[in-house]
Amino acid sequence: MMKALIVDDEMHIRNGLQKSVKWRELGIEQIFTAEDGREALAVCLKEKPEILITDIRMPGMDGLTLAQAAIDKAKVKKVVILSGFSEFEYAKTAIRLGVVDYLLKPVKLEELSVLLKRMVEEIRLESRQKELQNQEMVWEVIRGTKSPGILRTLFGENQGEVLLAVLERDVPYGRCFSVLEIKTEYMQILTKMENEVVLLFQIKGKDDRTEYHNVFYQELHEINRRQNTGCSCSIGVSERGQLKDICRLYRQAQEALKHRFYKGNENCIFHEEVEENETKFYPLLNLDKKAISESVSLFQIDLLHDQIHRQFEFLRKERCMEERVVQELCLGIQNILFESMMERGVDIAGILNQNQELFSGQMSFSSITDYEAWISDYCYLLLKGFEDLSGKRYSAVISKAVDYINQHYSEELSLVRLAENVNKSTSYFSCIFKKEMGVNFNEYLNQVRIRKAKELLRVPDAVIYEVSEKTGFSDYKYFTKVFKKQCGCSPSEYVKTGECKIS
């Protein structure tokens, strides 16, 4: 959140700038004001604004003195000096110091807006460059190519014990990708990439393992709630240590994270709690071929799913972390199913061609649970021949979801909430929803809402913004945009004609 401070001893100038400039459009969220230099410096030290706009001549402390103090003590990034013509040479002297820009009074709003826009862009670019430099420095420490002592320049002195956590975006069944944005209250971000974030948690005072375990679970839940993209995150946590031990702590966190393969996604795994897995040889397949054959002929999908589930449950209980073993199990199930269907003359090639994304996609997921979901769906679609996915019927899960949407479309409805309602993981539900419905959750929800909106707009004396709210659109402009995209006309045009331009 970017902030700016306006300083001038004339109230009409302060208020005029505060009310006349379109700050939010420029990317500045908070505006503060002060009437003299001393008050302004106090505001700078407390609120840490990035931009300072100040008059030169003020009682107590002049603008240039304030500017230098704000830069040195409060780390203000940009300063704009407001000067009269007689003070112009004075202002240029300050500019040569490389810390300020200036505008002549009376200030022209257009000129100030252009200057502020440039400053905001420069601040963002400088912050991003510094962030990338710091992240690379941390990675060099983690890799062991730089001394951990350099971290003190980034994060200050740290005398207490810490935990290091690796947060990684899961690649679930459906392979949904999105930018990973992390905000955390209790933990400090050391460095991050697109799919991985390294977090630092400082243990303060109490030696209470339960307390910080709860904090990690709460933070992970909140992070996954905010993602709302069909993706989820898991977190691996190191044992306690010092910041100087960051290389070892990072390895521990990564080792803990690997155990999500059998524990499942959206999990918080502590290195101190995981047991070292022994190398094991798992039976490739214990499925009953005769039972599978009967499942094919009688469409006993539930029986087939039960047999599959028993196999995967065995691997979870054995804490299997070998992806190759799980892949071989899936291939074994495929082969038995193919043989059973070919014996009955089923056109397997025709079925496979109807959903190439699922059947020809690379088989590589982040957990045993995702492999089970994938092979179960694979078998389901083979046996049904996509009969249920043609639009005539839906699976029980999607039928329940569609009913829920029709009942709650006017509320703040999210993919996460809907997945929880049908008792499925967000990533898996997102995939099967699009597969069966032909569109993603948000597109389908908008279709339902616009369909309901058209019904309400046909009522005499309908008020468009009220219809927008009643159908779940909190933003009237967004409602109009979606309505026009689906119907080819605006809501007001639809009220007049009662017809859409897009059939």
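As a reminder, the structure under discussion sits directly above these lines.
My aim in this report is to walk through the structure given alongside it, one point at a time.

The rules behind these values
- Residue positions are given per chain, counted from 1 along the sequence in the order it is written.
- Predicted model: local features are reported for residues with pLDDT of at least 70 only, side-chain atom pairs are reported and counted for 80 or more only, and whole-chain, interface and lining totals are derived from all residues.
- Only heavy atoms go into the side-chain values, all of them from the structure, while hydrogens and water stay out.
- Strands here mean DSSP runs of E at least two residues long; helices mean DSSP runs of H or I at least four residues long; both are numbered from the N terminus.
- Note on exposure labels: buried denotes an accessible area under 20% of the residue type's maximum, exposed denotes more than 50%, and partly exposed covers the range between, all computed with a 1.4 Å probe on protein chains only.
- Residue contacts follow a heavy-atom distance rule, with two residues in contact if any of their heavy atoms lie within 4.5 Å.
- Pairs of N or O atoms within 3.5 Å make up the polar contacts considered here, provided that, within protein, one atom can donate a hydrogen while the other can accept it, and that residues adjacent in sequence are counted only when both atoms are side-chain atoms.
- By definition, no residue in a patch forms a salt bridge, and every one has over 30% relative accessible area; like charges are joined within 9 Å, nonpolar side chains (Val, Leu, Ile, Met, Phe, Trp, Tyr) within 5 Å.
- For accessible areas, the Shrake-Rupley method is used with a probe of radius 1.4 Å. Any residue's cover is judged against the shown protein chains and nothing else.
- Put simply, a salt bridge is a Lys or Arg side-chain nitrogen that is within 4 Å of an Asp or Glu carboxyl oxygen.
- Positive charges come from Lys and Arg alone, negative charges from Asp and Glu alone, with His and the N- and C-terminal ends not counted.
- In plain terms, the charge of a residue is placed at NZ if it is Lys, CZ if Arg, CG if Asp and CD if Glu.
- We call a set of buried residues a nonpolar core when its members are Ala, Val, Leu, Ile, Met, Phe, Trp, Tyr or Cys and they connect through side-chain atoms within 4.5 Å of each other.
- One requirement defines pairing of two strands: DSSP has to find at least two bridges between them.
- Interaxial angles span 0 to 180 degrees and are taken between N-to-C directions of axes, which are lines fitted to C-alpha atoms, for helices over the stretch in contact.
- Ring pairs are drawn from Phe, Tyr and Trp, using the six-membered ring of Trp, whenever the two centres fall within 6.5 Å, and their geometry is named by plane angle: stacked under 30 degrees, edge-to-face over 60, tilted for the rest.
- Both a distance and an angle decide whether a charge sits over a ring: NZ of Lys or CZ of Arg must be within 6 Å of the ring centre and within 35 degrees of the ring normal.
- The span expected for a helix works out to 1.5 Å for each residue beyond the first.
- Here is the rule for angles: anything less than 35 degrees is roughly parallel, anything more than 145 is roughly antiparallel, 65 through 115 is roughly perpendicular, and the remaining ranges are oblique.
- In the scheme used here, Gly and all other residues not listed as nonpolar or charged are polar, with Ala, Val, Leu, Ile, Met, Phe, Trp, Tyr, Cys and Pro taken as nonpolar and Asp, Glu, Lys and Arg as charged.

## Points about the overall build of the chain
- Counting secondary structure elements, the chain contains 23 helices and ten strands.
- Per-residue burial for the chain yields a buried fraction of 47% across its 503 residues.
- Contacts in the chain between residues at least 24 apart in sequence constitute 67% of all its contacts with a sequence separation of at least 6.

## Observations concerning helix α4 (residues 63–74)
- Along α4, the residues that are buried comprise G63, L64, L66, A67, A69, A70, I71 and A74.
- Capping the start of α4 is the job of one residue whose side-chain oxygen sits 2.9 Å from the backbone nitrogen of L64: D62.
- Just downstream of α4, K75 is the residue with a positive phi angle, here 60 degrees.

## With respect to a negative patch on the surface
- On the surface, a cluster of negative charge is contributed by D9, E10, E35 and E39.
- Along the chain, E39 falls in helix α3 (residues 37–47).
- Taking the relative accessible area as the measure of exposure, E39 reaches 34% and is therefore partly exposed.

## Remarks on the nonpolar core
- Among the nonpolar cores identified, the biggest contains 29 residues, and F312, V326, L337, I368 and I375 are the most heavily contacted of them.
- Breaking this core down by element, the ones donating at least two residues are α10 (260–263), α12 (301–317), α13 (323–343) and α16 (368–384).
- Setting aside residues up to four positions removed in sequence, V326 forms contacts with F261, F312, L315, C320, I368 and Y371.

## Some points on the sheet that holds strand β10 (residues 268–270)
- Taken together, five strands build an open sheet; the order of strands is β7-β8-β6-β9-β10 and the sheet is mixed. On the outer flanks of this sheet lie β7 (188–192) and β10, each paired with one strand and no other. Ignoring which end each strand starts from, the neighbouring axes of this sheet average 20 degrees apart.
- By the bridge criterion, five bridges tie strand β6 (residues 162–169) to strand β9 (residues 233–237) in an arrangement that is antiparallel. Each residue of the ladder has a partner; that of R169, found in β9, is C233.
- Running at roughly 85 degrees to β7, helix α6 (residues 109–143) makes contact with β7 and β8 (196–202) of the sheet.

## A closer look at unusual backbone geometry
- Cis geometry marks the peptide bond from K105 to P106, where omega comes out at -5 degrees.
- The phi dihedral of K48 is positive, around 55 degrees, even though this residue is not glycine.
- Looking at the element boundaries, K48 is found in the loop between α3 and β3 (51–55).

## Focus: the packing of aromatic side chains
- In total, this model carries 14 aromatic pairs according to the counting rule given.
- Between W139 and Y250, the ring centres sit 5.7 Å apart and the planes meet at 85 degrees, which makes this aromatic pair edge-to-face. Remark: Y250 occurs in helix α9 (residues 246–258) and W139 occurs in helix α6; sequence separation between them is 111 residues. The exposure classification of W139 matches that of Y250, with both residues buried.
- For the ring pair F433 and F441, a centre distance of 6.4 Å and an interplane angle of 75 degrees mean the geometry is edge-to-face.
- Classification of F441 as buried rests on a relative accessible area of 5%.
- A network of ring pairs unites the aromatic residues F473, Y478, F479, F483 and Y494 as a single cluster.
- Over the ring of F473 we find R449; its NZ or CZ atom is 5.6 Å from the centre of that ring.

## Considerations on the pattern of salt bridges
- The full count for this structure, using the stated rule, is 19 salt bridges.
- For E122, the salt bridge goes to K78, with nearest N and O atoms at 2.9 Å. Here the residue E122 occupies a position in helix α6, and K78 occupies one in strand β4 (residues 78–83), the gap between them amounting to 44 residues.
- Residue classification places E122 among the partly exposed residues on the basis of a relative accessible area of 26%.
- The class for K78 is buried, based on a relative accessible area of 14%.
- Its salt-bridge partner being D101, residue R118 comes within 2.6 Å of it at the nearest N-O pair. You can see R118 sitting in helix α6 and its partner D101 sitting in strand β5 (residues 100–104), a full 17 residues away along the chain.
- Judged by relative accessible area, which is 34%, R118 ranks as partly exposed.
- One continuous salt-bridge network, built from bridges that share partners, spans K78, D101, R118, E122 and E126.

## Regarding α12
- Here α12 contains 17 residues, and its C-alpha end-to-end distance of 24 Å stays within 8% of the 24 Å for a straight helix at 1.5 Å per residue.
- Within the sequence span of α12, burial applies to I301, L304, Q307, I308, Q311, F312, L315 and R316.
- Where α12 ends, the next residue or the one after it, R319, has phi of about 55 degrees, a positive value.

## Remarks on the packing of helix α20 (residues 441–457) against helix α22 (residues 476–487)
- The N-to-C vectors of α20 and α22 enclose an angle of 90 degrees; their axes lie 10 Å apart at closest approach. The angle between α20 and α22 falls in the class roughly perpendicular. Where α20 abuts α22, its residues N446, Q447, I450, A453, K454 and L457 lie against Y478, F479, V482, F483, Q486 and C487.
- Partitioning the contact of α20 with α22 into residue classes produces eight nonpolar, three polar and one charged.

## Description of the sheet that holds strand β2 (residues 30–34)
- Spatially, the five strands line up as an open sheet ordered β2-β1-β3-β4-β5, and their pairing is parallel. Bordering the open sheet on either side are β2 and β5, each of which pairs with just one other strand. Each strand of the sheet is rotated relative to its neighbour by a mean of 20 degrees, with strand direction disregarded.
- Direction of pairing for β4 relative to β5: parallel, over a ladder of five bridges. Across the sheet, the residue bridging to L82 is L103, located in β5.
- The strands that α4 touches are β1 (3–7), β3, β4 and β5; relative to β3, the one it contacts most, it runs at about 165 degrees.
- Relative to the sheet, α6 contacts β3, β4 and β5, its axis offset from that of β4 by approximately 160 degrees.

Everything listed is a geometric property; what it means functionally is a separate question.
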